[in-house]
Amino acid sequence: MQITSRRKKYSRFALITAATPLVFLFLLFHLSAFGVELAGNIVLEGRYFPDKPQYPAQQEHNASVVLEPELYHAFTGGSSVLLKSFVRLDSNVDERTHWDIREASFIYPTDDWELQVGISKVFWGATEFVHLVDIINQTDSVEDFTGEEKLGQPMLHLTVPQKQGMIEAFVLPWFRERTFPGEKDRLRSDPIIDTNLSQYESAAEQSHLDFALRYSHTFSNADLGLYHFNGTSREPNLLLGGDMRHPVLFPSYHQIGQTGLDVQMAAGDWLLKGEALYRTGQGRSFAAAVCGFEYTFYGIYESGADLGIIGEYVFDDRADKSLTVVNNDVIGGFRLALNDAAGTEILAGLMKDVEFSTYMFSVEADRRFGEHLKLHMEALFLFDAAEQDAVLPFEQDSQLTVELQYFF
Amino acid sequence: MKFFTDWPGVVVLLLGIFFSPLCEKISRAETPEEKGLAIIMEAERRDQGFGDLVTDMVMILRNRNGQESRREVTNKVLEKKGDGDKSLSVFHTPRDIRGTALLTFSHKSGDDEQWLYLPALKRVKRINSRNKSGSFVGSEFSYEDISSQEIEEYTYKYLRDEELDGHACTVSEYYPVDAENSGYSRQMVWRDKDEYRIQKVDFYDRKNSLLKTLTMKGYKQYEGKYWRAGEMHMMNHQSGKSTVLLYSTYRFHTGLTDNDFNKNSLKRAR
């Protein structure tokens, strides 16, 4: 196995992404008259960390602005174009100030198949708190360490509905590196991850052609998806580099084969969910699985509110426990939806590592004000991080986030 | 005499005289339950064959203090012969839920199937559909009120004839078959006798007190056959809140197929 190292260079992707805002502006001023829809949101965000930072370079608190404009146009005949970019300007000018093209894609539907070309996002999975099998898009872990935020992925995506189920084929011509928080950012590793030192197993590096094939079907009350992915692992191994005085971690991306399965099932007031994967090519072959449920109490206390109780268990049998935050964890949580005009909703989860002492508690709440404004609040608490646990460097990073979101 | 030579006519006449008291007996024997069912079946028969339907709707929610909030929704419905209809609702406003879509396969018996598409996460979630009493996006319409209603989901009882706003109406009661998951003990439905259109519905909660009143206004006939209301007013008597649905377009036979109602189509619905 040959590992090639890579220096920072202007990639084709960087050029494409740099040109896109200009294209955006051009489209914005010239095409709005021709049925091009402009939408998106602006977010003002403040993050408060009650604990002192663990590492000297880390900031105390921060504020930022997020812009997510979106342009959409539907042509007669059914095809459409979507452009969506993401920019975050943070008071802390490190990795957290960043931007990306989330979407720049063209969809061409016919009666028998549909083709999507360009940068887009695809989600696979079923469970609420853990996303195991989702693989097409790279994680933007600067944005969110739980893996919910994704980077745009260039792709050719063919969807062919069958009499029984649906077949999807993906060709992924360019690999996106995972983003990682910088030295000044909170929720970072120790030592920090230097993405300039990324290594690849494949000599093609980011140009490696990745493929995926997925079959999904609905069997009365159950939805099932099965896929195989062949290409560059979205999840790098982190290796120790630098020198004795300035050690760093650097990402190493392997060529993997991964088979994944996701199931969602409705049974009365129960929702049953499961995800499983088997990966080869990244160390010893391993499997990981998560299963869970959501049970809903409707109209609690004669109000219109619904309360869903969520339970999930995730298990990962890979040898190196430091690669994943969730490896043998139990999660209990609830979702409270008031079903009011303001769309008030609260989602909370407590994650407990079965082997280690670590607890993690997260809660988020949303409420709409008027037609365009929304208040989003989030809190994350970490307790008793174990020495061996991957979350140890985050121990001082419990946080409160308040976002004011304006949608247009 | 001509009378005697036209013997088949005579036979029919005699048969008619013989059977007429019996026929009267049969019509008298129609129970209120049978008449209630006959009315809904005739209404259903008159609405058959619409194929598919696309509507644009504005939903106006008013609270007790008269404060308003709006939702703009496009609905697509595909008629399924022998089973419940398929429907897709896509939200345009409020802006934060723009592109959110709800896909429903209703069934004549058993639970409906339902999926919710969340555009920000590009995620299709299966949702529970058994409990239908919950509010539809914070409005006074419940899932039960907005979903495609199948004859098999209720039992019926004709009560009386009554005039309502100048329409001669029949008044019937509907009782949910799946009483456990319905928000109502009964619905009282006023249908005009001319076209079998719903004019008014009184909803009684599970404790049998009057909960809501639905009034349908601005009926128009489409394609020379299908009557659709331009406005639906739902008043909640217990909370003082109300919701109005205003329909701006009804387009029938647009050529939708099953492929427009699968999980993939949810993602490109806008």
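Calculation notes
- Residues numbered from 1 in each chain as written.
- Chains lettered and ligands numbered in written order.
- Predicted model: local features only at pLDDT ≥ 70, side-chain atom pairs only at ≥ 80, totals over all residues.
- Heavy atoms only, no water.
- Helix = DSSP H or I, 4+ residues; strand = E, 2+ residues; numbered from the N terminus.
- Buried < 20%, exposed > 50% of the residue type's maximum accessible area, 1.4 Å probe, protein only.
- Contact = heavy atoms within 4.5 Å.
- Areas by Shrake-Rupley, 256 points an atom, 1.4 Å probe, with all protein chains shown as cover.
- Buried area = accessible area lost by both parts, 1.4 Å probe.
- Salt bridge = Lys/Arg side-chain N within 4 Å of Asp/Glu carboxyl O.
- Polar contact = N/O pair within 3.5 Å; in protein donor to acceptor, adjacent residues only side chain to side chain.
- Nonpolar A, V, L, I, M, F, W, Y, C, P; charged D, E, K, R; others polar.
- Pairing = 2+ DSSP bridges.
- Core = buried A, V, L, I, M, F, W, Y, C linked by side-chain atoms within 4.5 Å.
- Phe/Tyr/Trp six-rings, centres within 6.5 Å; stacked < 30°, edge-to-face > 60°.

Looking at an unreviewed UniProt entry, chain A carries the name Phosphate-selective porin O and P, with the source organism given as Candidatus Electrothrix aarhusensis.

Student: Mind showing me how you'd approach the overall build of chain B here?
Tutor: Along its length, chain B carries five helices and 15 strands. When the 270 residues of chain B are sorted by exposure, 49% land in the buried category. Across chain B, contacts joining residues at least 24 apart in sequence account for 43% of those joining residues at least 6 apart. A total of about 13500 Å² of accessible surface is found on chain B, and carbon and sulfur atoms cover 54% of it.

Student: Teacher, can you tell me more about the side chain of A:Gln153 here?
Tutor: Among the secondary structure elements, A:Gln153 is positioned in strand 7 (residues 153-161). Leave out the neighbours within four places in its chain, and A:Gln153 touches A:Gly118, A:Ile119, A:Ser120, A:Ile136, A:Asn137, A:Leu172, A:Trp174, A:Arg176 and A:Arg234.

Student: What is the right way to look at the interface of chain B and chain A in this model?
Tutor: The parts lose accessible area when they come together, and the size of an interface is often stated as this lost area. Contact residues are listed per partner, giving 33 residues for chain B and 46 residues for chain A. Contact with chain A buries surface across chain B, with B:Arg123, B:Arg126 and B:Asn128 losing the most and accounting together for 22% of the total. Between the two partners, chain B and chain A, sit eight salt bridges. Between the two partners, chain B and chain A, sit 19 residue pairs in polar contact (both at pLDDT 80 or more). The element that contributes the greatest number of residues to the side of chain B that touches chain A is strand 6 (residues 123-127) of chain B, accounting for five residues. Residue composition of the side of chain B that touches chain A, by class: eight nonpolar, eight polar and 17 charged.

Student: Whenever I open this one, unusual backbone geometry confuses me. Can you help?
Tutor: Negative phi characterises most residues that are not glycine, and trans characterises most peptide bonds. In this structure, the amide linkage connecting A:Asp190 to the following residue, A:Pro191, adopts the cis form with an omega of -5 degrees. Inspection of the secondary structure puts A:Pro191 in the loop between strand 8 (166-172) and strand 9 (199-200). B:Thr93 connects to B:Pro94 through a cis peptide bond whose omega is -5 degrees. Of note, B:Pro94 is situated in the loop between strand 3 (86-93) and strand 4 (101-105). A positive phi angle, close to 55 degrees, is found at A:Asn339, a residue other than glycine. Mapped onto the secondary structure, A:Asn339 falls in the loop between strand 18 (328-337) and strand 19 (345-353). The partly exposed category is assigned to A:Asn339, whose relative accessible area is 22%. Positive phi, close to 50 degrees, is recorded for B:His253, a residue that is not glycine. Tracing the backbone through its elements, the reader meets B:His253 in the loop between strand 15 (242-252) and helix 5 (263-268). Taking relative accessible area as the criterion, B:His253 reaches 43% and is therefore assigned partly exposed.

Student: How should I be thinking about the pairing of strand 2 (residues 68-78) of chain B in this particular structure?
Tutor: The two faces of a sheet get side chains in turn, since along a regular strand they alternate between them. Residues and elements named next belong to chain B. As defined by bridge partners, strand 1 (residues 52-62) adjoins strand 2 across eleven bridges and the pair is classed as antiparallel. Counted as the bridge partner of Met57 is Val73 from strand 2. Counting the residues between successive antiparallel strands, the hairpin from strand 1 to strand 2 contains five residues, one of them, Gly66, with a positive phi of roughly 85 degrees. For strand 2 and strand 3, the ladder comprises seven bridges, and the chain directions are antiparallel. In the strand pairing of strand 3, Asn75 is matched with Ser89.

Student: Sorry if this is basic, but what is going on with the environment of B:Ala269 here?
Tutor: Structurally, B:Ala269 can be placed in the segment after helix 5. Remark: the alpha-carbon pair of B:Ala269 and B:Leu102, spanning 167 residues in sequence, is separated by 9.9 Å.

Student: Just to check I follow, could you spell out the nonpolar core for this structure?
Tutor: Looking at soluble globular proteins, one finds that nonpolar side chains tend to be buried together. Grouped together as the largest cluster of nonpolar side chains are 34 residues, with contacts concentrated most on B:Leu214, B:Met232 and B:Leu245. Each residue touching B:Met232, except ones within four places of it in the same chain, is listed here: B:Phe141, B:Leu214, B:Thr215, B:Met216, B:Thr243, B:Val244, B:Leu245 and B:Tyr247. If you look at the next biggest cluster of nonpolar residues, it comprises 32 residues, including A:Phe170, A:Tyr227, A:Leu277 and A:Met360.

Student: When you look at the pairing of strand 4 (residues 80-90) of chain A in this model, what are you seeing that I'm missing?
Tutor: Residue and element names in this part refer to chain A. Counting buried positions along strand 4 yields eight of eleven residues, so the element is predominantly enclosed. Both strand 3 (residues 62-74) and strand 4 contribute to a ladder of nine bridges, which runs antiparallel. Within the sheet, the bridge partner assigned to Leu71 lies in strand 4 and is Leu83. Once strand 3 ends, the chain turns through five residues before running back antiparallel as strand 4, passing Gly77 with a positive phi of about 105 degrees. Bridging between strand 4 and strand 5 (residues 98-109) involves nine bridges; their strand directions are antiparallel. The partner of Phe86 across the bridge, within strand 5, is Asp100.

Student: It is not clear to me how the side chain of B:Lys125 should be interpreted in this structure. Could you clarify?
Tutor: Examined against the element boundaries, B:Lys125 turns out to sit in strand 6. Side chain to side chain, B:Lys125 and A:Glu128 meet in a polar contact 3.2 Å long. Setting aside its immediate chain neighbours within four residues, B:Lys125 contacts A:Glu128, A:Gln264, A:Arg335, B:Gln114, B:Trp115, B:Leu116 and B:Leu118.

Student: Is there a simple way to explain the packing of aromatic side chains in this structure?
Tutor: How two aromatic rings sit relative to each other is given by the distance of their centres and the angle of their planes. What the rule picks out here adds up to 21 aromatic pairs over all chains. Their ring planes at 15 degrees and their centres at 6.4 Å tell us that A:Phe361 and A:Phe381 sit as a pair that is stacked. One end of the pair, A:Phe361, is in strand 20 (residues 359-369); the other, A:Phe381, is in strand 21 (residues 373-383), with 20 residues separating them in the sequence. The exposure class of A:Phe361 is partly exposed, given its relative accessible area of 28%. Look at A:Phe381 and you get partly exposed, because its relative accessible area is 27%. Ring geometry for B:Tyr154 against B:Tyr174: centres 5.9 Å apart, planes inclined by 55 degrees, an arrangement best described as tilted. Here B:Tyr174 lies in strand 8 (residues 167-176) and B:Tyr154 lies in strand 7 (residues 154-164), a separation of 20 residues in the sequence. A single burial state applies to B:Tyr154 and to B:Tyr174, both of which are buried. Ring pairs connect the aromatic residues B:Tyr222, B:Tyr226, B:Tyr247, B:Tyr250 and B:Phe252, which therefore count as one cluster.

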